Amino acid sequence: MNLIRIGHPAAGAFALLLALGATSVAGGDKTPERPDFTSEVAPIFKTCLHCHGATDPKGELSLSTVAHLIEGEYVVPGNPAESPLIEAISPGPDGKRPKMPKGEDALSAAQVETLRKWVASGAEWPQGLVLEERKKADRSWWSLRPLVDAQPRTEAELRALTTRAFPHGWGENPIDRFLLAKLDEAGLEPSPPADKATLIRRLTFDLTGLPPTPGEVRDFLDDRAADAYERLVDRLLASPAYGEHWGRHWLDVIRFGESTGFERNVILDTVWPFRDYIIKSFNDDKPFDRLTLEHLAGDMLAPGDPAVAVGTTFLVCGPYDNVGNQDLVQQAQIRADTLDDMIRTTSEAFLGLTVGCARCHDHKFDPIAQADYYRLYATFAGVYHGSRPLASAEQQKERRDRLRPLEERRDRLVKETAEVRAAIDRRGEAKAATYEAAWTRPKSLRAGTEERFAPVEARYVRLVVEGLDVDPRRRTGCQIEEFEVWTAGESPRNVALVTAGGKAEGSSRVAGDFNGAYSADNVNDGRYGDRWIAATPELNITLGSPERIDRVNFSSDRAGASDAVFVSDYRIEVSTDGKTWAVAADSHDRKPVNEGHRRARIFDREITPEEQQRLDELASQLAETNGKIAALPGFPVWWVGVFDQYRDPVFLFKGGDPQKKGQAVVASSLSMLADSTRSYELPADAPEGERRLALARWLVAADNPLTPRVLVNRIWQNHFGKGLVETPSDYGMMGVAPSHPELLDWLARQLVADGWKMKPMHRRIVTSRAYRQSGTFREGPARKDGSDRLLWRFPPRRLSAEELRDTLLELAGKLDRGRGGPGFRLYRYLEDNVATYVPLDEPGPETYRRAVYHQNGRAARVDLLSDFDCPDNAFSSPARAATTSPLQALTMLNHKFTLDMAGAFADRLGRQADPDRQVRDAYLIAYGRPPGDAELSSAAAFVGEHGLRAFARAVLNSNELLFVR
């Protein structure tokens, strides 16, 4: 055990740089075999043209023409042994391969042999041919071609090929046969199998993100059955912890976050259902093609079913600029940026293509036309960020059935109340002139009326005018200068403001030729003075997103400077969906006043005792009915996006500028896959949801080669630390070509054959001999393949940030295994128009859940998670970084959380009085193995001298805990 040491252990040299060739070759064959130049020789030279082309060739060696090779005496036709080119790619006397300035992979032994044969056969080169470096990929690019029906060599073929001892068991799994062929080609041998203790720790972390318990380790070590390992795999894949761990991988790729980002960066409290949906989908082994359909069009597959419709959160869980810029040009730019996030995430997550690079012009390196980008723009044009209620058809019907009699009773009571008041009005109007001299108005109401009520979730708020504070002989519409809706909580916000995303609607009078002078827009502009003069008795406020509110305030003349007509009788109603409304507050409980004239109740003496009694009864019954309506449970309101039919034509933006429109485009498939995948094109007026559904179906079509390639590579990457394609979200020319292209396509075909289920793919990979081999470093293979790209050993890895935090909690006996629901916070959230995330210095037991359940606000730095490279998902994170920094050591040694965990771990160990037993337990719990004799002796002495708490702290800071090998 390496105590108090954080960081990477010595894991070998850096990846060897380009080394062309594997074995020494000699010329002089009597009947040399002549390779085909076009199909065999030219492709090898083309891979080197970026350094050895005609322009400024490195080392003054150009491979563009045969003249340069011969005139420069780099190649001696017919004599490979005297050709410096062949000598340069051959091992030296010490057996080491030469190094090149760049880190490309070495040519295979077969490629080197092809060049040797080409020189030996006369180095023929087609007359006049000049090789040029590929500047841009076309539709023949490897990733855009159909899946190859590749089959691994049989065990018999491999035994005949290799000159090395055939490793035990490597012929059983097709994956191993693919890998072994490449290893043998490079002159490498795999490592021996890892021991069982190493395997269970590796596999348990890999599939669940948690360490195995001492009991699980003992059971596995004692299990001598031939299928013990396979049963362990099945048990871990069936664990709920599997979905929590592997769901986190996918959340990284799709840039899942729980705040808006940008300047305001406010928290989003209704995104967590999507996280739970992802975890459940992985645990249920939901086919990935189905998951894709739900991500893009879950609302179309099962309208109103929350379990499916929640999948569309994928589209809107990225950053979202909701500042509310009033400049029309900037609004268009912000909207374009919002759709750009959806386009980039979708194309990179599923296709592994950087379609976003075609926003301003055709892609510079890949065959992606700018029109392709705007075909996706047209597909997503009707998608908006926001929340909406979700309910199944049965739930909706049940609520309607319960609501209908209550609404009918409410309407009867409102109607009867209006009839009683109408009778009072008629008498009042007849006497109004008599009291005109005594006319006064309640200025306190004109200056501002405030209604407070129990906090309620609302997206829509409306003011329904029932009566005006006005001389009954006047027929002027009411006037409101500002209408405010305030959030509940310690930092209330006026969310009705247009700058907060609010929208005001209501019919208004027209002031002469000044159309809109009295429009409803005046009530939420944040300025007093300008008014809405109503033409109809209803003002509607739509909030930018659902909010929890508990107060409204409205006024017609805050400054008391005019003779404004104000509302005296009203209802404040709220709704989450704009269809079902509940009364939050009203004026019905206000007693009639003697000062001022109110329509419907001018003077007390005009209301008879019988009328007053009936009004009181009606008000009581109405309040009771409204209370029952409000008490009916509403539907869940989740951040799943809002969809609206986009009817305007969609144009290509020249230079990416929304103000410079080019050709019109429609929602359709992308042209770069037209040669391998069936295309589609929708009419310009196609329904909004059909656009998304058509794209989703195209992504997972049987003939689309990219989506299965990208998915199996992501799975491989998270098992081995590096994908067969090292750029998991870029399969274009700027990405890295696959190390094992045949294996990649074979895995992709297996995925589809398995019905797009991921658990069979996990099982296939982790039961391979390549996965089960030792991770021990070997100097010889490292010289040839320092990056371990050919997998001559299992690549050790550091725990991810979440794995590390969860492990500390598990070792301390403090991990709360509760699943699902709203997340916990490792920060104190403050909001005053913009949000602030203050890290907690002393996180308590309420934060001791698995890290995947942390409410992941963007730009919220949270000590251990941030220090160990948990990404800030402003963008997709297709591969986790693994940095080493002083902050990691400081956090592990000194942060309150790690100190608390060390203390709890010590208390757990202290249940045993014997120091040797304490040490043994510590090793089994932390490392999944017993200590060696020397380790037991030194650790027990350490406990005796420094105490159990210091020992526990040392264990939590050890490299063996931090790394999986």
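Chemist: Give me the lowdown on the overall build of the protein, citing residues and values where you can.
Modeler: Counting its secondary structure elements, the protein contains 34 helices and 18 strands. Excluding contacts between residues fewer than 6 apart, the proportion of contacts in the protein whose partners are at least 24 apart in sequence is 75%.

Chemist: How would you sum up the side chain of S768? Please name residues and give values.
Modeler: Its place among the elements puts S768 in the loop between helix 24 (759–766) and helix 25 (769–772). Assessed through its relative accessible area of 1%, S768 is described here as buried. Polar side-chain contacts of S768 include one of 2.6 Å to the backbone oxygen of I765. Setting aside residues up to four positions removed in sequence, S768 forms contacts with N173, I175 and D176.

Chemist: Report on the pattern of salt bridges, specifying residues and quantitative values.
Modeler: Counting across every chain of the model gives 57 salt bridges. Residue R231 pairs with D227 through a salt bridge whose shortest N-O separation is 3.2 Å. In this structure, R798 and D869 form a salt bridge, with 2.8 Å as the shortest nitrogen-oxygen distance. Highlighted residues: R798 in strand 15 (residues 797–798) and D869 in the loop between helix 28 (863–867) and helix 29 (886–894), separated in sequence by 71 residues. Like R798, the residue D869 is buried in the burial classification. Counted as one network, the salt bridges with shared partners bring together R421, R462, E466, R571 and E573.

Chemist: Describe the pairing of strand 10 (residues 582–586), naming the residues involved and giving the relevant values.
Modeler: Burial of strand 10 is extensive: 4 of the 5 residues sit out of reach of the surface. In terms of strand pairing, strand 9 (residues 566–575) meets strand 10 through 4 bridges, oriented antiparallel. Bridging across to strand 10, V574 finds its partner in A582. Between the antiparallel neighbours strand 9 and strand 10 lie 6 residues, among them G578 with a positive phi of about 80°.

Chemist: Please provide a residue-by-residue account of the packing of aromatic side chains, values included.
Modeler: The tally for this structure, following the rule as stated, stands at 29 aromatic pairs. When the ring of F37 is compared with that of W125, the centres are 4.8 Å apart and the planes differ by 50°; the resulting orientation is tilted. Linking F37 in helix 1 (residues 37–46) with W125 in the loop between helix 5 (109–120) and helix 6 (155–161), this pair joins segments that are 88 residues apart in sequence. In this pair, the class of F37 matches that of W125, namely buried. Taking 4.9 Å as the distance between ring centres and 75° as the angle between the ring planes, the aromatic pair formed by Y827 and Y837 counts as edge-to-face. Taken together, the positions of Y827 in strand 16 (residues 827–832) and Y837 in strand 17 (residues 834–839) put the pair 10 residues apart, joining distant regions of the chain. Note on Y827: relative accessible area 3%, which makes it buried. The buried category is assigned to Y837, whose relative accessible area is 11%. These aromatic residues form a ring-pair network of at least three members: F37, F45, W118 and W125. In this structure, R255 is placed above the aromatic ring of F314, and the distance from its NZ or CZ to the ring centre is 5.7 Å.

Chemist: I'd like to hear about the packing of helix 30 (residues 896–909) against helix 33 (residues 948–956), residue by residue, with values.
Modeler: One way to put it is that helix 30 packs onto helix 33 with a least axis distance of 8 Å and a crossing angle of 120°. Taken together, the axes of helix 30 and helix 33 lie oblique to each other. For the crossing formed where helix 30 meets helix 33, the hand is right-handed. Along the contact surface, helix 30 presents T898, L899, M901, A902, G903, F905, A906, D907 and L909, while helix 33 presents L948, R949, F951, A952, R953, V955 and L956. Looking at side-chain class alone, the contact of helix 30 with helix 33 contains 11 nonpolar, 2 polar and 3 charged residues.

Chemist: Could you give an account of the nonpolar core, with specific residues and numbers?
Modeler: It is characteristic of soluble globular proteins that their nonpolar side chains tend to be buried jointly. W250, F274 and W716 are the most contacted members of the largest nonpolar core, which totals 184 residues. In this structure W250 touches I278, F282, F288, L291, H295, A349, F350 and R714, once residues within four positions along its chain are discounted. Of all hydrophobic cores here, the second largest spans 30 residues; its members include L468, V523, A534 and A585.

Chemist: Please give an account of the confidence of the model for the protein that cites residues and values.
Modeler: On average, the protein scores 87 in pLDDT, and the residues at 70 or more come to 89%. A low-confidence stretch, residues 511–516 (pLDDT under 50), is modelled with 3 contacts involving residues beyond four sequence positions or located in other chains.

Chemist: Just give me the short version of the pairing of strand 3 (residues 449–469), but keep the residues and values in it.
Modeler: Pairing analysis gives 12 bridges linking strand 3 to strand 8 (residues 538–555), with the strands arranged antiparallel. Note on strand 8: the bridge partner recorded for V456 is I549.

Chemist: Tell me about unusual backbone geometry, and name the residues and values.
Modeler: With a phi angle near 55°, D285 is a residue other than glycine that sits in the positive phi range. Structurally, D285 is set in the loop between helix 12 (272–283) and helix 13 (288–301). With relative accessibility at 9%, the residue D285 sits in the buried group. With a phi angle near 60°, D788 is a residue other than glycine that sits in the positive phi range. Classification of D788 as buried rests on a relative accessible area of 8%.

Chemist: Any details on helix 33? Residues and values, ideally.
Modeler: Taken together, the buried positions of helix 33 are occupied by L948, F951, A952, A954, V955 and L956. Taken together, the buried residues of helix 33 touch helix 27 (801–811), helix 29, helix 30, helix 31 (915–927), helix 32 (933–946) and helix 34 (959–962).

Chemist: Account for helix 11 (residues 240–253), naming residues and giving values.
Modeler: For helix 11, which comprises 14 residues, the first-to-last C-alpha distance of 21 Å matches the rise-based estimate of 20 Å (1.5 Å per residue) to within 8%. Burial within helix 11 is extensive, with 12 of its 14 residues counted as buried. Where helix 11 is concerned, the buried positions are A241, Y242, G243, E244, H245, W246, G247, R248, W250, L251, D252 and V253. Its side-chain oxygen at 3.1 Å from the backbone nitrogen of A241, S239 defines the N-terminal cap of helix 11. Positive backbone phi, approximately 50°, marks R255, located one or two places after helix 11.

Chemist: Outline the side chain of E688, supporting the account with residue identities and numerical values.
Modeler: By the secondary structure assignment, E688 is in helix 21 (residues 688–699). For E688, a relative accessible area of 7% translates into the label buried. In contact with E688, not counting residues within four places along its chain, are G382, V383, F643, D644 and Q645.

Chemist: Give a detailed account of the environment of I541, specifying residues and quantitative values.
Modeler: Mapped onto the secondary structure, I541 falls in strand 8. You can call I541 buried: its relative accessible area is 1%. For the pair I541 and L497, spaced 44 residues apart in the sequence, the C-alpha separation amounts to 9.5 Å. Once residues lying within four places of it in the same chain are set aside, the contact partners of I541 are R459, Y460, V461, F483, A496, K503, A504 and V523.

Thresholds, definitions, all that
- Residues numbered from 1 in each chain as written.
- Predicted model: local features only at pLDDT ≥ 70, side-chain atom pairs only at ≥ 80, totals over all residues.
- Heavy atoms only, no water.
- Helix = DSSP H or I, 4+ residues; strand = E, 2+ residues; numbered from the N terminus.
- Contact = heavy atoms within 4.5 Å.
- Buried < 20%, exposed > 50% of the residue type's maximum accessible area, 1.4 Å probe, protein only.
- Polar contact = N/O pair within 3.5 Å; in protein donor to acceptor, adjacent residues only side chain to side chain.
- Salt bridge = Lys/Arg side-chain N within 4 Å of Asp/Glu carboxyl O.
- Pairing = 2+ DSSP bridges.
- Phe/Tyr/Trp six-rings, centres within 6.5 Å; stacked < 30°, edge-to-face > 60°.
- Lys NZ or Arg CZ within 6 Å of the ring centre and 35° of its normal.
- Axes fitted to C-alpha atoms, helices over the stretch in contact; angles between N-to-C directions.
- Parallel < 35°, antiparallel > 145°, perpendicular 65-115°, else oblique.
- Left-handed = near helix turned anticlockwise from the far one by under 90°.
- Nonpolar A, V, L, I, M, F, W, Y, C, P; charged D, E, K, R; others polar.
- Core = buried A, V, L, I, M, F, W, Y, C linked by side-chain atoms within 4.5 Å.
- pLDDT = per-residue confidence, 0-100.
- Expected span 1.5 Å × (residues − 1).

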